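Letter by letter, the chains look like this.
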Amino acid sequence: METRNIKAEIESKIHDPILRSNLENFSQQYPAARAKAYANVADIDELRDDLRDMKQYSVAHVEELADEFQTSLEQRGGKVFRAKDGDELKKILLKICQENDVHNIVKSKSMATEEIRLNDYLEEQGLRVKETDLGEWMLSVAGQHPSHMVMPAIHLNRNQCAKFFSDELKEDIPSDIPFMVQTARRVLRKEFLNADMGISGANFGIAENGAIGLVTNEGNGRIVTTIPPIHVIIMGYEKLIPKTSDASKIMRLLPRNGTGQRMVSYLTLVDGPTPIIREKNGEMVEENKKVYAILLDNGRLKAAHDPVMKEVYQCVRCASCLNVCPIWSTVGGNVYGHIYSGGIGAILTGLLNGLDEFSQFSDLCIGCRRCTTVCPGKINIPDLIQELRNRQVAKKGLSFPEKMIFQKIMTNRKVFHSLLRAASLGQKPVKSGKFIRNLPLFFAKMTEGRSLPAIADKPFRDRAEKLLQNNPANPKMRIAFFSGCNLDFVFPETGESVVKVLQDIGAEVIYPQEQNCCGKPIIGAGDLDTARRLAKQNIAALEATNADYVIAACPTCAETLEQTYKELFKDDKVWLERAEKLSKKLKEFSSFVEQIYADNGRLKNTAGKERITYHDSCHMRRSLGIYKEPRELLKSAPGYEFVEMTGADQCCGMAGSFGMKYADLSIQLLNRKLKNIKESGATTVAVACPACMMQIGGGIDKMAPNIKIKHIADILAENLGDN
Amino acid sequence: MKKICHEWQKYLDKGFIDKNYWPAFKENALAAAVELHEIKTYDEALPIINKVIAAADAEKIGAVNGEDYPELQAVYNNLGQQYQVYTDKFTIAKNAPSIDIGISTAEFGVGETGSVCVDNYAYEARLVSMLPAINIVFMNKNNIVDTMTEAFEILEQVFDRGYTGFVTGPSRTSDIERVLTLGVHGPSRLILMAVDKTE
């Protein structure tokens, strides 16, 4: 495996203006194009469920389907092989070529063959191989790899394409798109007519009759499977489906999600040998083609029997997870594995090429979960990536600094918290107001384009005792406040706002001092043992309060306490029970308060002077499903007028430690967010997540100092005097 | 002509087709850049085809499946008086690279997508519909099914071996700067003659 410098690769993509504008335009247009394609479908989710269910059945029966497919195709005169990996497949294919005296091969898109770098091998064997999809052909000429599974050359512009054409054809090709397309037609037509073998992939293989389906817009799939006298199908086991009618479950979603089309130009179905007519010894004769199929394993069958990872079989390679991914749409697909890009690509690379290759770029998934809202097969992409990270850590362990911080420092609350206090003192020389604007030397990258929040002089935990003296005399409920690290050490004033708002609705608030970090950064890094130790500390501390509810004003903490702890203890009956009890009591702050305000008739739309907009935290919106409630609270906040911004639910780029590790990339996401905030005309942006507050606040501090950022709790607390 | 099924109509008539699906089919086909002509008889297609031939300066035509539709065969015969029309599969195969216009047939349309289902088991049917720059397709206007779900339910009954599929407009690419360009490897024009003989 080659060791890559991912940070340098990202750096070069960030500074590629062609790539950036192509991706920016596409990702802006994609959601509307997809929605338009689905406009004549009553219930998208029903179609997604049908696809998922069919694929889940298929993976559960993958060996039977492979046997049935083989029997069906061989009964009809084809020959089926199975290859456990790329090397075996190459041997089988070379033998077929030799037996049939093959010299010229045309291919239509098959990602499985790119996965095993088949073309390089065939060329080494002296065979002529031509990709026939226009984008793939251009890239193969240029020696580049596809940056997207459906739009392989999306990172290029017409001038770059024209240069590849000119170099390959040794003639001067102008950068006129229709002319280039016609040139490709002319050049590749010759290849088709001279080919003695066509290699295709398959979008699906039908077990009951041995047919395959091929999806293309250009029509190369049809010609590759028609003209050459030999057809070799190379497909992964994940393409097998039971029946012909199951194909519609793929086809109603794949084109709509992939390219915003209701159907592709050509859906080709080939079943067994079909006739061809060609000249033999001066006479036209009709005979049947030879058909071979090679089923490629290369890690797929192992994945099929993996209780978690088998979900990848639900993928139909539409690439919509890339189209909505904030990272892909900033740096493109080439920073991932060599063929499969984006979130699903990271998973496939991990399963097919190994975890070492995967771990080089696995943290490019920031867990924003936008992909889960569009995936036709309903794959929980971020969760599968997390699972692979966990396995890599279990196998290889953490890096030394991470190990030190997680296992020795964070699990010891007193040490952790005294270090944070020390940081508050240590930052004094660089601090300016609430933010650290410039860091010296090699830390400078982190403060380029944004300020970092300063650690507060006095953490929330030291302010709690005095604050809790204002608890109501006759409380209606008892609430334990879980602050999380950010509200404790970075934004303690917001922590105070939370308590004031809760006291105002009649709650007695308790702040258990024994609470520690929720553990999310450690879980994200894959160190589950350490995470369990933290979880136990928090569960015990919160249980001891005997509260009716546990409130978190950080969606990441809320998600971790409510959902992740249960998963951490799924094999520990005693702690699972305790985690479940906590889960039931756990409420996210803004949705909890909104419900009570609604019950008390406190939600009245107002139109104040100050325009305010709201940024959805990824975890809040897509993990907790909370997005209406904060808006309702803002609409009724006196003094404000609520306005929506474009892309309110797009990630701000913080995403836990990602924002620090990939500072440059994080800033690109932040800039997009700042642009949308400014364009909304709002002078205040509200958030419900302290991590987003840190990121967006830091960007505003440097680049839009007239705009204020506030946590919803702060806005609600401002208005308490009025009631 | 070799086909995956010689009784498509029998299966279509099992409650799959309905005139009500036509408006959706028309809308989606037009959106997919199909050039649609609604005609009542096959010979109404003649002047349209003559115009297409003249505009494209076409010389050679490859035409298939006349044997299943005598009225279509009459159209071919008529065109043959003026132009070089190949209807024999061997002649089509021999001349395929230089054919300017291909004429073929479709079994049914799909309302949801504007696609037509083509039975292309015969090699000559694949050649005339894929290699020339223009493909003219004849289809019974009344044979429209609702969605891809129904389309594949039909295929499940008739598709045992061979070559079939769905065509939705002309060949297209957006591989360079996502600019839509028609006619990459397949035809740049798909002209659909929807023949409604019941009116």
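See the structure above.
Residues numbered from 1 in each chain as written. Chains lettered and ligands numbered in written order. Predicted model: local features only at pLDDT ≥ 70, side-chain atom pairs only at ≥ 80, totals over all residues. Heavy atoms only, no water.

How would you sum up the overall build of chain B? Please name residues and give values.
If you tally the helices and strands in chain B, you get seven helices and twelve strands. Taken over C-alpha atoms, the radius of gyration comes to 16 Å for chain B, in line with the 16 Å a tight globule of 199 residues would show. Overall, the C-alpha framework of chain B stretches about 45 × 40 × 35 Å when taken along its three principal axes. For chain B, buried positions account for 60% of its 199 residues. Across chain B, contacts joining residues at least 24 apart in sequence account for 80% of those joining residues at least 6 apart. As displayed, chain B has an accessible area near 7300 Å², and 47% of this comes from carbon and sulfur atoms. Counting 18 positive and 28 negative side-chain charges, chain B places the averaged centre of each group 3 Å from the other. (Helix = DSSP H or I, 4+ residues; strand = E, 2+ residues; numbered from the N terminus. Rg over C-alpha atoms; globule rule 2.2 N^0.38 Å. Buried < 20%, exposed > 50% of the residue type's maximum accessible area, 1.4 Å probe, protein only. Contact = heavy atoms within 4.5 Å. Areas by Shrake-Rupley, 256 points an atom, 1.4 Å probe, with all protein chains shown as cover. Lys, Arg positive; Asp, Glu negative; His and termini not counted. Charge placed at Lys NZ, Arg CZ, Asp CG, Glu CD.)

Would you mind going over a positive patch on the surface in detail, with residue names and values included?
Residues and elements named next belong to chain A. Where like charges cluster on the molecular surface, the positive patch consists of Lys566, Lys581, Lys584 and Lys585. Of the residues forming the positive patch, the biggest block, three residues, is contributed by helix α28 (residues 573–585). Looking at the secondary structure, you find Lys584 in helix α28. Residue classification places Lys584 among the exposed positions, given a relative accessible area of 67%. (Patch = residues over 30% accessible without salt bridge, like charges linked within 9 Å, V, L, I, M, F, W, Y side chains within 5 Å. Salt bridge = Lys/Arg side-chain N within 4 Å of Asp/Glu carboxyl O.)

Can you explain the side chain of Thr173 of chain B? Please cite residues and give values.
Secondary-structure assignment places Thr173 of chain B in strand β10 (residues 172–173). According to the relative accessible area criterion, Thr173 of chain B is buried, its value standing at 4%. At 3.1 Å, the side chain of Thr173 of chain B and the backbone nitrogen of Asp175 of chain B are in polar contact. Not counting residues up to four positions away in its chain, the partners in contact with Thr173 of chain B are Leu134, Val181 and Glu218 of chain A together with Val179, Leu180, Thr181 and Val184 of chain B. (Polar contact = N/O pair within 3.5 Å; in protein donor to acceptor, adjacent residues only side chain to side chain.)

Tell me about the interface of chain A and chain B, and please be specific about residues and values.
Tallying the contact residues gives 72 residues for chain A and 56 residues for chain B. Between chain A and chain B lies a buried interface of about 5300 Å² when both sides are counted; carbon and sulfur atoms form 56% of it. For the pair chain A and chain B, the interface holds seven salt bridges. The closest approach of N and O atoms between Glu286 of chain A and Lys89 of chain B, which form a salt bridge, is 2.5 Å. Where chain A packs against chain B, one counts 41 residue pairs in polar contact (both at pLDDT 80 or more). Among the elements that make up the side of chain A that touches chain B, the one with the highest residue count is helix α10 (residues 177–194) of chain A (ten residues). Bridge analysis of strand β9 (residues 266–271) of chain A against strand β9 (residues 162–167) of chain B gives six bridges, and the strand direction is antiparallel. (Buried area = accessible area lost by both parts, 1.4 Å probe. Pairing = 2+ DSSP bridges.)

An account of the side chain of His155 of chain A is requested, with residue identities and associated values reported.
All names here are of chain A. Topologically, His155 is positioned in the loop between α8 (134–142) and α9 (158–169). A distance of 2.8 Å separates polar atoms of two side chains, one belonging to His155 and the other to Gln144. Each residue touching His155, except ones within four places of it in the same chain, is listed here: Ile18, Leu19, Asn22, Leu139, Gln144, His145, Ser147, Gln160 and Asn334.

How would you sum up the packing of helix α33 (residues 663–679) of chain A against helix α34 (residues 690–703) of chain A? Please name residues and give values.
To describe two helices that pack against each other, one gives the angle between their axes and the distance between the axes. Residue and element names in this part refer to chain A. At their nearest, the axes of α33 and α34 sit 10 Å apart, and the two run at 70 degrees to each other. On the basis of their axis angle, the class for α33 and α34 is roughly perpendicular. Contacts between α33 and α34 involve Ser666, Leu670, Asn671, Lys673, Leu674, Ile677 and Lys678 on the former and, on the latter, Gln695, Ile696, Gly699, Ile700 and Met703. (Axes fitted to C-alpha atoms, helices over the stretch in contact; angles between N-to-C directions. Parallel < 35°, antiparallel > 145°, perpendicular 65-115°, else oblique.)

Lay out the environment of Asn217 of chain A in plain terms, naming residues and giving numbers.
For Asn217 of chain A, the position within the fold is in the loop between β6 (211–216) and α11 (220–224). Overall, the relative accessible area of 19% leaves Asn217 of chain A in the buried class. Sequence separation between Asn217 of chain A and Met263 of chain A is 46 residues, and the spatial gap between their C-alpha atoms is 9.2 Å. Aside from chain neighbours lying at most four places away, what touches Asn217 of chain A is Gln261, Val264, Ser265 and Tyr266 of chain A together with Pro170, Ser171 and Arg172 of chain B.

Would you mind going over the sheet that holds strand β12 (residues 189–195) of chain B in detail, with residue names and values included?
Residue and element names in this part refer to chain B. The six strands lie next to each other as β1-β12-β7-β4-β2-β3, forming an open sheet whose pairing is parallel. Among the strands making up the open sheet, the edge pair consists of β1 (34–39) and β3 (84–86). Neighbour-to-neighbour, the strand axes of this sheet turn through a mean angle of 20 degrees, independent of strand direction. Relative to β12, β1 runs parallel, the two sharing six bridges. Across the sheet, residue Glu35 finds its bridge partner in β12, namely Ile191. Of the strands in this sheet, β1, β7 (134–140) and β12 are in contact with helix α2 (residues 22–31), which crosses β1 at around 145 degrees.

How would you explain the nonpolar core if you had to name every residue and give the values?
All names here are of chain A. Leu502, Tyr565, Phe589 and Ile696 are the most contacted members of the largest nonpolar core, which totals 98 residues. For this core, the element with the most residues is α34, which contributes six residues. Those residues in contact with Tyr565, other than ones at most four positions away along the chain, are Cys518, Ala535, Asn538, Ile539, Thr560, Ala579 and Leu582. In terms of nonpolar packing, the next biggest core, distinct from the first, is built from 76 residues, Ala202, Cys321, Cys375 and Leu388 among them. (Core = buried A, V, L, I, M, F, W, Y, C linked by side-chain atoms within 4.5 Å.)

Account for the sheet that holds β9 of chain A, naming residues and giving values.
Judged by pairing direction, the sheet is mixed, and its eight strands sit side by side in the order β8(A)-β5(A)-β6(A)-β9(A)-β9(B)-β6(B)-β5(B)-β8(B) without closing on themselves. Across the chains shown, the open sheet's two edge strands, defined by having one partner strand only, are β8 (240–241) of chain A together with β8 (144–145) of chain B. The pairing of β6 of chain A with β9 of chain A spans six bridges and is classified as antiparallel. Along β9 of chain A, the bridge assignment pairs Val215 of chain A with Leu267 of chain A.

Give me the lowdown on unusual backbone geometry, citing residues and values where you can.
Glycine aside, negative phi is the norm for most residues, and most peptide bonds take the trans geometry. In this model, Lys378 of chain A sits at a positive phi of 55 degrees, which is unusual for a non-glycine residue. Inspection of the secondary structure puts Lys378 of chain A in the loop between α18 (355–359) and α19 (381–396). One non-glycine residue, Arg178 of chain B, lies in the positive phi region at around 55 degrees. Relative to the elements of secondary structure, Arg178 of chain B occurs in the loop between β10 and β11 (181–182). When its relative accessible area of 28% is taken as the criterion, Arg178 of chain B is described as partly exposed.

Can you explain helix α6 (residues 123–130) of chain B? Please cite residues and give values.
Burial analysis of α6 of chain B places eight of its eight residues in the buried class, which makes it a mostly covered element. Taken together, the buried positions of α6 of chain B are Tyr123, Glu124, Ala125, Arg126, Leu127, Val128, Ser129 and Met130 of chain B.

Please give an account of the packing of aromatic side chains that cites residues and values.
Inspection of the entire model under this criterion finds 16 aromatic pairs over all chains. Note on Phe81 of chain A and Tyr292 of chain A: the rings are 6.4 Å apart at their centroids and 25 degrees apart in plane angle, and the pair reads as stacked. Placement of the pair is Phe81 of chain A in strand β1 (residues 79–83) and Tyr292 of chain A in strand β12 (residues 290–296), with a sequence separation of 211 residues. On the basis of relative accessibility, which here comes to 24%, the residue Phe81 of chain A falls in the partly exposed class. In textbook terms, an aromatic cluster arises when at least three aromatic residues are bridged by ring pairs, as seen for Trp8, Phe108, Phe152 and Phe166 of chain B. The ring centre of Trp575 of chain A lies 4.1 Å from the NZ or CZ of Arg578 of chain A, which sits over that ring. Its end group placed over the ring of Trp22 of chain B, Lys141 of chain B keeps NZ or CZ at 4.9 Å from the ring centre. (Phe/Tyr/Trp six-rings, centres within 6.5 Å; stacked < 30°, edge-to-face > 60°. Lys NZ or Arg CZ within 6 Å of the ring centre and 35° of its normal.)

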